[in-house]
Amino acid sequence: MGRDSSRKTHASPGAREGAWAVRREQLRFLKQRLVTTARMFLKNRMGVAGLIILVFFLQLAVFAPLWAPYNPDPILRPTGDPDEDRLGGRLAPPNATFLFGTDNQRRDVLSRVIFGSRISLAVGFAASAVSMGLGTLIGLVAGFWGGWRDELIMRITDVFLSLPFLVFAIIVAAILGQINLWQIVIVIGITFWAGTARLVRSQVLSLKERQFVERSKALGSGDLHLVARHIFPNVVPIIFAEAILTIALAILTESTLSFLGLGPQDQLTWGRLLEDAFNFQALESDNPWFMFMPGLCLVTVIVGFTFTGYALDDVLNPKLRKR
Amino acid sequence: MNLRQLILRRSLNAFITILLIMVVNFILFRMMPADPAVLLTQRGPHTPDDIVEQNRKYFGLDKPLYEQFALYMVNTLIGRWGYSYDERSHLVLNLVMEKLSWTLLLVGTTTIITIFVGIAIGVWAAYKRGKPFDVASTGIGIFFYSIPTFFFGIILGLVFARWYPIFPAGGVLDIRLAPVWPLTFEKIIDILDHMFLPSITLTIGYLAGISLVMRGSLTDVLTEDYITTARAKGLTDRQMLRRHARPNAMLPMVSLVALNFAFVVGGAYQTEYVFSYDGIGLLTVKAVFSSDFPVLQAIFFIGGVAVVLANLIADFIIYYLDPRIKVS
């Protein structure tokens, strides 16, 4: 903190108070900026629609036990009463007891879809966090320190951006053995970090030349201070929108891998539900909802993240906002 | 940096990237837990006990790692990619090339349709910014972009191949018409028939990617001074769009199209899987299920190199099209 530039500009007996005043001013500015951003976002109809979708599904995932009418796992056993059995039988079409019918193993589709949202969303968030963290860190190093580090990192990102993703994920999965939840998060994370690293790097390169960075440097700021206080905060808006879009991509990727039978086998995700349904040719059975429901939820959630991400990008990174 | 240096530098970088891809390809497959010498050995009742060791020696797997690496580099470059584990009589090179031609047919057709339709939608949306067409095309575009390709393919297949059997459900050519060569008119029609649903699936998936980028790029261009000049000298909007705005807005499309194309060379695997279209994507999925590592290794290499080359070519086209790069 000794090299804090704001303190040096107030090098008087009241230096400490001056520093506090600056900090308060910064906080006020930050708050104001958040409020304006929120206001502008709420004016964006696409963004609001996306946000409503997200809030709905997030609470669905969090409160899944409250929403789900049945336990998703145990097989509903035949009771002996023929009426009851038809109701909860194998591949029953939607009815009053089972709103979306049952699957090939007499399980309630609705409950399975609701519980499936938990892991699908969790994987999306975690994988996006891994990819953003890695990408931002590497992008900052490449952009700010440059030189041979930049060259090296750029060549590595080139490789990651060129590899056929599916084959890469599969090979990593094969090396790891039976894939579990954490491994799929890591696999998706290390597949998408390179794009973020590129984005952050180019932003850092342009920030580095800006006057406020020069000024801080002239006042004697060290590299770490520059990055932490001046460069990184200005990268955040860009990666924030990117992070939201990456969540959508991660959820899509997880479901694709699961659909191809390459996801975690012991976990209930939407991709897994789709794979089950596809393997049992659910669409031609008595209960096509067995397949439609997880698919519809998947599409809705991805639309939600994409709408929100695009709207945020529009609001946070305004370069197109003129006629 | 002048243009020649720029091109040299880009080519050098692409070359390094390809080398690195080969290194990664080597390391990843060496990290596999399975022993290739065991996988390569078919056991029968009369096979000698030391057959695994014989195979290990025969395939050079007993040599030190650096020698294996050198051998691998040379063999990869001259196309000696070995035999498929699954279909042991098949050379990987032939297998991959055969499937690749089907994928290129599908992806090539789709890319051309997508470019024309996507650019048209993007231009019109940018021109009518904020109007109903723009809002609708952006919203619908993102919606279709969000549908997992395999899910959309399944629905299409269900509706147009099962419920209303207008198109065949899968494959590339009716079994009664095989083999493909010599090509007859009837076979061409049948191939197109089989291609219809997969290419619609792919088109829907990529359309929004193209139209949204085109819209964004043209929106940028429309704020430029030379557009105001064009308007001021009395050009109609149509002339202004065609002569001044669209050509400049096309630059980002070059890389996007190249990249799309290259990635799909790596496998339109979801579409091909759902429609059992006999291309490289289906080969990938099959190779995964049967742990056919030589095939996977080849696909990994081809897919990576395709992206690197596509990027390089796109950059060269942009250097050629955009005079600003030559000046700076």
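Computed from a prediction, not measured in an experiment: that's the story for all the values here. (Residues numbered from 1 in each chain as written. Chains lettered and ligands numbered in written order. Predicted model: local features only at pLDDT ≥ 70, side-chain atom pairs only at ≥ 80, totals over all residues.)

1. A few points about the overall build of chain B
Move 1: Tallying secondary structure elements over chain B gives 15 helices and zero strands in all.
Move 2: A principal-axis box enclosing the C-alpha atoms of chain B has dimensions of 90 × 60 × 35 Å.
Move 3: Put simply, chain B has 328 residues, and 36% of those count as buried.
Move 4: In chain B, of all internal contacts separated by at least 6 residues, the share reaching a separation of at least 24 is 72%. (Helix = DSSP H or I, 4+ residues; strand = E, 2+ residues; numbered from the N terminus. Buried ≥ 20, exposed ≤ 12 C-beta atoms within 10 Å, placed from the backbone. Contact = placed C-beta atoms within 7 Å.)

2. Brief notes about the overall build of chain A
Move 1: Helix and strand counts for chain A come out as 13 helices and zero strands.
Move 2: Starting at the N terminus and ending at the C terminus, chain A contains elements arranged as α-α-α-α-α-α-α-α-α-α-α-α-α.
Move 3: Out of the 323 residues in chain A, the part that is buried amounts to 42%.

3. Digging into the nonpolar core
Move 1: Grouped together as the largest cluster of nonpolar side chains are 147 residues, with contacts concentrated most on Leu296 and Ile299 of chain B.
Move 2: In this view, Leu296 of chain B contacts Val167 and Ile171 of chain A together with Ala287 and Val288 of chain B; residues no more than four positions away in its chain are not counted. (Core = buried A, V, L, I, M, F, W, Y, C linked by C-beta atoms within 7 Å.)

4. Describing the interface of chain A and chain B
Move 1: At the junction of the two partners, chain A supplies 33 residues and chain B supplies 39 residues.
Move 2: Every element with two or more residues in the side of chain A that touches chain B is listed here: helix 7 (147-162), helix 8 (165-176), helix 11 (223-259), helix 12 (270-279) and helix 13 (289-316) of chain A.
Move 3: In terms of residue count, the dominant contributor to the side of chain A that touches chain B is helix 13 of chain A (seven residues).
Move 4: Taken together, the residues of the side of chain A that touches chain B sort by class into 23 nonpolar, six polar and four charged. (Nonpolar A, V, L, I, M, F, W, Y, C, P; charged D, E, K, R; others polar.)

5. Some remarks on helix 1 (residues 3-30) of chain B
Move 1: Compared with an ideal rise of 1.5 Å per residue, which puts 28 residues at 40 Å, helix 1 of chain B spans 41 Å between its outermost C-alpha atoms and is within 8% of the ideal.
Move 2: Listing the buried residues of helix 1 of chain B in full gives Thr17, Ile18, Ile21, Val24, Asn25 and Leu28 of chain B. (Expected span 1.5 Å × (residues − 1).)

6. Let's talk about the packing of helix 6 (residues 109-145) of chain A against helix 9 (residues 181-208) of chain A
Residue and element names in this part refer to chain A.
Move 1: At a closest axis distance of 5 Å, the pairing of helix 6 and helix 9 adopts a crossing angle of 35°. Viewed along their axes, helix 6 and helix 9 form a crossing whose handedness is right-handed.
Move 2: By residue class, the composition of the contact of helix 6 with helix 9 is 22 nonpolar, seven polar and three charged. (Axes fitted to C-alpha atoms, helices over the stretch in contact; angles between N-to-C directions. Left-handed = near helix turned anticlockwise from the far one by under 90°.)

7. Structural notes on the packing of helix 6 of chain A against helix 13 of chain A
Residues and elements named next belong to chain A.
Move 1: One way to put it is that helix 6 packs onto helix 13 with a least axis distance of 10 Å and a crossing angle of 25°. When the interaxial angle is binned, helix 6 and helix 13 end up roughly parallel. For the crossing formed where helix 6 meets helix 13, the hand is right-handed. Contacts between helix 6 and helix 13 involve Val109, Val113, Gly116 and Ser117 on the former and, on the latter, Trp289, Phe290, Met293, Pro294 and Cys297.
Move 2: The class makeup of the residues in the contact of helix 6 with helix 13 is seven nonpolar, two polar and no charged. (Parallel < 35°, antiparallel > 145°, perpendicular 65-115°, else oblique.)

8. Considerations on the confidence of the model for chain B
Should pLDDT be low for a region, the predicted coordinates there are not to be read in detail.
All names here are of chain B.
Move 1: Averaged over every residue, the pLDDT of chain B is 82; residues scoring 70 or more account for 91%.
Move 2: No element of chain B has a lower mean pLDDT than helix 15 (residues 323-327), which averages 61, and none a higher one than helix 5 (residues 92-127), which averages 88.
Move 3: In the model output, the complex is listed with pTM 0.82 alongside ipTM 0.78. (pLDDT = per-residue confidence, 0-100.)

9. Considerations on helix 7 of chain A
Move 1: End to end, helix 7 of chain A covers 23 Å across 16 residues, agreeing with the expected 22 Å (1.5 Å per residue, within 8%).
Move 2: Residues Ile153, Thr157, Asp158, Val159, Phe160, Leu161 and Ser162 of chain A constitute the buried set of helix 7 of chain A.
Move 3: Packing partners of the buried residues in helix 7 of chain A comprise helix 6 and helix 9 of chain A together with helix 1 and helix 14 (293-321) of chain B.

10. Overview of the environment of Val235 of chain A
Move 1: In this structure, Val235 of chain A sits in helix 11.
Move 2: Aside from chain neighbours lying at most four places away, what touches Val235 of chain A is Thr136, Val200, Gln203 and Val204 of chain A.

11. Brief notes about the environment of Arg28 of chain A
Residue and element names in this part refer to chain A.
Move 1: With respect to the element layout, Arg28 can be found in helix 2 (residues 15-43).
Move 2: Judged by local crowding, Arg28 falls into the exposed class, with 10 C-beta atoms found within 10 Å.
Move 3: Between the C-alpha atom of Arg28 and that of Leu219, which follows or precedes it by 191 residues, the distance is 24 Å.

12. Looking at the environment of Leu218 of chain B
Residues and elements named next belong to chain B.
Move 1: Following the sequence through the fold, Leu218 ends up in helix 8 (residues 185-222).
Move 2: Take Leu218: there are 24 C-beta atoms within 10 Å of it, and that puts it in the buried class.
Move 3: Leu218 has contacts with Gly122, Val123, Ala126, Ala245 and Ala249, leaving out every residue within four places of it along the chain.

13. A closer look at the confidence of the model for chain A
Move 1: Of the residues in chain A, 84% reach a pLDDT of 70 or more, and the chain-wide mean stands at 80.
Move 2: Considering only residues more than four positions removed or in separate chains, one finds that residues 1-10 of chain A, a stretch of pLDDT under 50, has 16 contacts.

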